[in-house]
Amino acid sequence: MAVATAYETVIGIEVHAQLRTASKMFCGCATAPAAGETDEPNSRVCPVCLGMPGTLPVINRRAVELVMLTGLALECHVETEAVRFERKNYFYPDLPKGYQISQYALPLCSNGRLEVPVPAEGGSVSIGITRAHLEEDTARLQHGGRGHTLVDFNRAGVPLMEIVTEPDVRSPAQARAYGETLRDILRYIGASDGDMETGSMRIEGNISLRPMGSTGFGTKVEVKNLNSFRSLERAMEYEVARHAEALASGERLSQETRGWDEDTGRTISQRSKEEANDYRYFPEPDLPPLRPSPTWVAELRAVLPELPAARRERYVTQLGLSAYDAGVLTADLQLADYFEAVVAAGASAKVAANWVSGEFSRLLNQHAAEGLRAGDVQLRPEHLAELVVDVDDGHVSATNAKAVLARTFASGESPRAVIEREGLAQVRDTGLIEREVAAVLAEFPSQVADYRGGKQQIYGFLVGQVMKRTGGRADAKLVNQELRRQLAE
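Notes on the structure in this doc start here. (Residues numbered from 1 in each chain as written. Predicted model: local features only at pLDDT ≥ 70, side-chain atom pairs only at ≥ 80, totals over all residues. Heavy atoms only, no water.)

Digging into the overall build of the chain
This is how it is decided: Helix numbers and strand numbers start at the N terminus; a helix is a DSSP run of H or I with at least 4 residues, a strand a run of E with at least 2. Burial status follows relative accessibility: with a 1.4 Å probe on protein chains alone, a residue under 20% of its type maximum counts as buried, one over 50% as exposed, and anything between as partly exposed. Any pair of residues with heavy atoms lying within 4.5 Å of one another is described as a contacting pair. For the area figures, the Shrake-Rupley method with a 1.4 Å probe applies, and any residue is considered shielded solely by the protein chains shown. In this tally, Lys and Arg are treated as positive and Asp and Glu as negative; His is ignored, and so are the chain termini. The location of each charge is read from NZ of Lys, CZ of Arg, CG of Asp or CD of Glu.
Counting its regular elements, the chain contains 15 helices and 14 strands. Reported as C-alpha extents along the three principal axes, the dimensions of the chain are approximately 95 × 55 × 55 Å. Taking all 489 residues of the chain together, 48% fall into the buried category. Of the contacts formed within the chain by residues at least 6 apart in sequence, a portion of 69% connects residues at least 24 apart. Surface summary for the chain: the accessible area is close to 23,400 Å², and the carbon and sulfur share equals 50%. Positive and negative side-chain charges of the chain, numbering 54 and 67 respectively, have mean locations separated by a distance of 1 Å.

Written out as C-alpha cells, the structure reads:
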C-alpha cells in the first residue's frame, strides 16, 4: 500500500437519520405500528404520503424542532429568516410523487462543526458541517424471487434529516469515528434512534484522492449500502487503495456511485453520480417559506442536554474516571444515566464505573438480541449501589457479588436480601479464620514445607484450601494476613 502514501485522502460524509416523531413529515400517518400491532406492509398510509393528486402537505413541527436541536448541538447557524422546501425530482419506484420534498438552497441549519475523537489515531479532528436539513423518506422496495419487486409505502413520508460534512475527513478511521460520534449526539438529544442495523441511520462516504500537497479535489466516488460503521471504514480503506492504484497507473477514474459488498470486502459500480442540477430543484409551491423565530431557537437551546463530549470531560475532571472508562460509559446515554444514578445512590464513582462498564454491561450484552437497554433492566440503580458498597466495604466477596448481580439483574430483587437469605456475606470472624488456616497447615504439611523451602507458588494453593473450607465466604484480605502470619511462625 506504499502507493497510497503519495496521495492525500479526502472524504465527505452524508448521513440520513430518521427522526423520532410520532407522525410522518407531511401527514398524520404513524411512523411506527402501535404497541402490540404487526407492521403490515402499506398499513400506515394516506393519500398525502402515497402522493395522490390534489393532496396538500402540512409540516411536522416536531421534526423541525429535532433538526434545529441537532443544528445547535453541531454548532450550526439555525436559519430564522427563510427556510425553503424544494422539490427534488427523480423517478424511482420507491418515490410515489416522482419527486421528494427536501431542502437545498435554504436549509434549516448550516455552517457547523463537530470535534471528533479518533482513538485509532490518538487524537481528535474538527469536521465542518455543511448543512443539516429536513426531507421525507422514500418507500421501501422488497426484491423477491422470479424477478419481481414489491413496494411498502409505510416508510414513505417518514421525517428524515440529512447531515452533510465538509470534505474534512482525512482517513477511513476518522470517517468511522465521525459516524459514531454523530450517532451518540443524535441519541443524547433524542433526535433519532441512530440504529444502522434497522436502517434508522444510513451513512454514505464520498471519497477522492489528490497528490500530497495539492489543494484541488480528485474524482469523487460515493459509496452506499453501508450497514455499520465498520463497513464504512472498510469501504473507505478499499477505495483508498483502488484510487491510489488507478492514479499511479494513469487509469481514468469516473464520478460514480458504488455499493459495498460486505461478503467480498469490495465496492461495486452501480451508476454514474448525479450532480445537483440533475435533480432540477425548484421551490415547493404547496409549502410557504418556514421562518423559525429567534425565541423558538432560544427555547430549544435552553433545553439542549449535556452532550457526550461534555459528559466525558465531567467524568474525568469531577469524578476522577480514566478517559477510557468515561468514553465507555458515555457512548450509551442510558448506560451513562444508569451509572450516574448508581453514584447518586451512594456508590464510589470509580468502583461504580468498574461494575457498570464491566459485569453489568456483560449481562446487558447477553440480552442484546432482545434489544435490552440499561433503562429497561429490572435491577434499580440504588440496588446496584447497595451491592457495590457491600463489596467495597468487604461485606461480600467480588465473586459472590457477581453471582448475586446475575440473579437480581432480571428479577429486580434487592441484592442485600439475596445475600442475607443465601448466607453469602463474607466471614470476617478472625477467630474462625485463624482456626481454618491452622487446620489447612496441619492437613498439608508437605506443601507447607515446600513453601518454606522457597516454592512460592504453593501459597496460592494454601489460600484456595482455606477458601474451600469456608465455602468461599472468608474475607480474602483477612485470610492472607492470617496465613502469612502463621507461615512465618
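Topic: the packing of aromatic side chains
To describe a pair of aromatic rings, you give the distance between the ring centres and the angle between the ring planes. To keep it simple, the criterion reads: For this analysis, a ring pair means two rings from Phe, Tyr or Trp (six-membered ring only for Trp) whose centres lie within 6.5 Å, classed as stacked if their planes differ by under 30 degrees, edge-to-face if by over 60, and tilted for the remaining angles.
Throughout the structure, instances matching the rule amount to 9 aromatic pairs. Ring geometry for Phe 26 and Phe 85: centres 5.8 Å apart, planes at 80°, overall edge-to-face. Residue Phe 26 is located in the loop between strand S1 (7–18) and helix H1 (61–73), and its partner Phe 85 is located in the loop between strand S2 (77–78) and strand S3 (86–89); the two are separated by 59 residues in the primary sequence. Classification of Phe 26 as buried rests on a relative accessible area of 5%. An angle of 65° between the planes, with centres 5.9 Å apart, marks the rings of Tyr 90 and Tyr 279 as edge-to-face. With Tyr 90 in the loop between S3 and strand S4 (99–102) and Tyr 279 in the loop between strand S13 (266–272) and strand S14 (282–283), the pair connects residues that are 189 residues apart, well separated along the chain.

Let's talk about the sheet that holds strand S11 (residues 221–224)
Put simply, the rule is: Paired strands, as defined in this entry, are two strands with at least two bridges between them according to DSSP. An axis is simply a line fitted to the C-alpha atoms; with a helix, the fit covers only the stretch in contact. Between two such axes, the angle follows the N-to-C directions and lies from 0 to 180 degrees.
Spatially, S2-S5-S6-S9-S1-S10-S11-S12-S13 is the arrangement adopted by the 9 strands of the open sheet, whose pairing is mixed. Strand pairing shows two members of the sheet lacking a second neighbour, S2 and S13, which therefore form its edges. Along the sheet, helix H2 (residues 172–188) makes contact with S1, strand S5 (109–118), strand S6 (123–136), strand S9 (159–165) and strand S10 (201–211), crossing S5 at roughly 115°.

Overview of the packing of helix H9 (residues 381–392) against helix H11 (residues 415–422)
Any two packed helices are characterised by how steeply their axes cross, that is the angle between the axes, and by the distance between the axes. As a reminder, the rule being used: Comment on the angle field: the value is read as roughly parallel under 35 degrees, roughly antiparallel over 145, roughly perpendicular from 65 to 115, and oblique elsewhere. For this classification, the nonpolar set comprises Ala, Val, Leu, Ile, Met, Phe, Trp, Tyr, Cys and Pro, the charged set comprises Asp, Glu, Lys and Arg, and every other residue, Gly included, is treated as polar.
Closest axis-to-axis distance for the H9/H11 pair is 8 Å, and the angle between their directions is 55°. Here H9 lies oblique to H11, going by the angle between them. Residue-level contacts link His 383, Glu 386, Leu 387, Val 389 and Asp 390 of H9 to Pro 415, Arg 416 and Ile 419 of H11. Grouping the amino acids of the contact of H9 with H11 by side-chain chemistry returns 4 nonpolar, 1 polar and 3 charged.

Describing the side chain of Ser 192
Where we set the bar: We define a polar contact as two N or O atoms separated by no more than 3.5 Å, with the added condition that, inside protein, one atom must be a possible hydrogen donor and the other a possible acceptor, whereas residues neighbouring each other in sequence contribute only through side-chain atom pairs.
Among the secondary structure elements, Ser 192 is positioned in the loop between H2 and S10. Taking the relative accessible area as the measure of exposure, Ser 192 reaches 1% and is therefore buried. At 2.9 Å, the side chain of Ser 192 and the backbone oxygen of Gln 18 are in polar contact. One polar contact links the side chain of Ser 192 to the main-chain amide nitrogen of Gly 194, over a distance of 3.1 Å. Contacts of Ser 192, omitting those with residues within four sequence positions, involve Ala 17, Gln 18, Arg 20, Leu 186, Arg 187 and Ser 200.

Some thoughts on the packing of H2 against helix H3 (residues 229–249)
Under the convention used in this document: Two helices crossing with the near one rotated counterclockwise from the far one by less than a right angle form a left-handed crossing, whereas a clockwise rotation gives a right-handed crossing.
For the pair H2 and H3, the least separation of the axes is 8 Å and the interaxial angle reads 155°. One finds that H2 runs roughly antiparallel with respect to H3. Note that H2 runs across H3; the crossing there is right-handed. In this structure, H2 uses Pro 172, Ala 173, Ala 175, Arg 176, Gly 179, Glu 180 and Arg 183 to contact H3, whose residues at the interface are Phe 229, Arg 230, Leu 232, Glu 233, Met 236, Glu 237 and Val 240. Class assignment of the residues belonging to the contact of H2 with H3 gives a composition of 7 nonpolar, 1 polar and 6 charged.

Quick notes on helix H14 (residues 458–469)
Note the cut-off: Expected helix span is given by 1.5 Å per residue-to-residue step, counting one fewer step than there are residues.
Along its 12 residues, H14 runs 17 Å from first to last C-alpha, staying within 8% of the 16 Å computed at 1.5 Å per residue. If you check which residues of H14 are buried, you get Ile 458, Tyr 459, Leu 462, Val 463, Gln 465, Val 466 and Met 467. Buried residues in H14 make contact with helix H12 (430–443), helix H13 (445–452) and helix H15 (476–488).

Side note on the nonpolar core
Basically, it comes down to this: As used here, the term nonpolar core means buried Ala, Val, Leu, Ile, Met, Phe, Trp, Tyr and Cys residues forming a set that is joined through side-chain atoms within 4.5 Å.
Within the largest apolar cluster, 66 residues are counted, with the highest numbers of intra-cluster contacts made by Ile 13, Ile 163 and Tyr 178. Top contributing element to this core by residue count: H1, with 8 residues. Setting aside chain neighbours within four positions, we find Tyr 178 in contact with Ile 13, Val 15, Leu 114, Val 116, Ile 127, Ile 129, Ile 163 and Thr 165.

With respect to the environment of Thr 21
One can find Thr 21 in the loop between S1 and H1. Taking the C-alpha atoms as reference, Thr 21 lies 7.5 Å from Pro 159; in sequence the two are 138 residues apart. With near-sequence residues (within four places) excluded, Thr 21 lies in contact with Thr 31, Asn 60, Arg 62, Ala 63, Leu 66 and Pro 159.

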